[in-house]
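Residue-level listing of the chains:
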Amino acid sequence: MELAGIWDCQNRRCNARSARIRIHPGELQAVSAVEFCVIQKGKQMLKEVALTALASIAKSTKARDWKMVNGGTVQFWTCLNFSYKLRNVETTTTICNELVNMCVSKGTQFSANSLLPIRSANPSQIEEALISVHDQSMARLASMGQNGKQLQLLIIILPDQSGSYGKIKRICDTELGIVSQCCKPANLTRLSKQYFENVALKINVKVGGRNNVLSDAIQRRIPLVSDLLTIIFGADVTHRQPGEDSGPSIVAVCMAFVDWPEITKYRGLVSAQHHREEIIQDLYRTTVDPQRGVIHRGMIR
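Nothing here was measured: the structure is a model prediction, and the numbers come from that model.

A.B. asks: What am I meant to see in helix α4 (residues 165–176) here?
C.D. replies: The end-to-end C-alpha separation of α4 is 15 Å, in line with the 16 Å expected for 12 residues at 1.5 Å each. For α4, the complete set of buried residues consists of Ile168, Lys169, Ile171, Cys172 and Leu176. Within α4, the buried residues cover an arc of 160 degrees as seen down the axis, which keeps them to one side. Residues of α4 that are buried sit in contact with α3 (126–143), β7 (153–157), β8 (180–183) and α6 (193–206). Looking at the residues trailing α4, positive phi occurs at Gly177, about 70 degrees.

What follows is the structure in structure tokens.
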């Protein structure tokens, strides 16, 4: 195994020059290919430093039998495949089973059976396929007596060619109201445990779970925040590049309050406002509905 990088032993800092050293696989203590920063000077010392770091990684890797703090729940789900490389039903079924098993092993309550059969669709008909899955899932739930319920998770295998992610997310998030998890086909073919772990973390948060919390928050040791009912806001305004005289500024606001005193869950708001306007405008606003009257909107109501 070759370790390449830019660590200067003498000065203990990064350096632009680089070199490579070779470490025998038996010295890695069961760690597979891991990149580590090294430099030309003091290769034996670098080797020792590298082995120490790799041993630490191996220890943490072996201790990866972790679980989420709180597991979310996925009772109604299905998978939609847009990849030509993964058209085989057995392959996509295996992928879904591996992902479901990983989610369950980490603490998410996940139904083993999909609401609808796993299906493939033409990547040139993304919108039609997503709408079809939405309509079929609603009809299926109604036939099961689950009126008012909807698909809780749609696993999407992206097309082989990039460029469709934004469109898929826009349709799922803003038009259909479906929680989705997109996966690149190249990452799925390897059936990597680490990849499925990463996806499981994303899914758990999307379906209402919590992956981690601050230990001080659990033990109620954060000054002021742990003592009094507290809302924590985070906000930022992103402007267009200098020289662009038009186009809106984008505001992102998040609020941690839902699970006080642990302040891990948060609600978010993203909106557009006037060009280069620094003061956030949509924290509170009202609209008038002919039937419902005045409606209070925004993060602060």
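A.B. asks: Where do I start with the sheet that holds strand β6 (residues 119–120) in this structure?
C.D. replies: Sheets are built from strands paired through backbone hydrogen bonds, the pairs being either parallel or antiparallel. With parallel pairing, the 4 strands of this open sheet are ordered in space as β6-β4-β7-β8. Each edge of the sheet is formed by a strand with only one pairing partner; in this case those strands are β6 and β8. Inspection of the sheet shows strand β4 (residues 77–81) paired to β6 by 2 bridges, in the parallel sense. From the neighbouring strand, Asn81 faces β6, where its bridge partner is Ser120. Each of β7 and β8 touches α4; the most contacted strand, β8, lies at about 170 degrees to it.

Each value, and the rule that gives it
- Residues numbered from 1 in each chain as written.
- Predicted model: local features only at pLDDT ≥ 70, side-chain atom pairs only at ≥ 80, totals over all residues.
- Heavy atoms only, no water.
- Helix = DSSP H or I, 4+ residues; strand = E, 2+ residues; numbered from the N terminus.
- Expected span 1.5 Å × (residues − 1).
- Buried < 20%, exposed > 50% of the residue type's maximum accessible area, 1.4 Å probe, protein only.
- Arc of directions from axis to C-beta.
- Contact = heavy atoms within 4.5 Å.
- Pairing = 2+ DSSP bridges.
- Axes fitted to C-alpha atoms, helices over the stretch in contact; angles between N-to-C directions.

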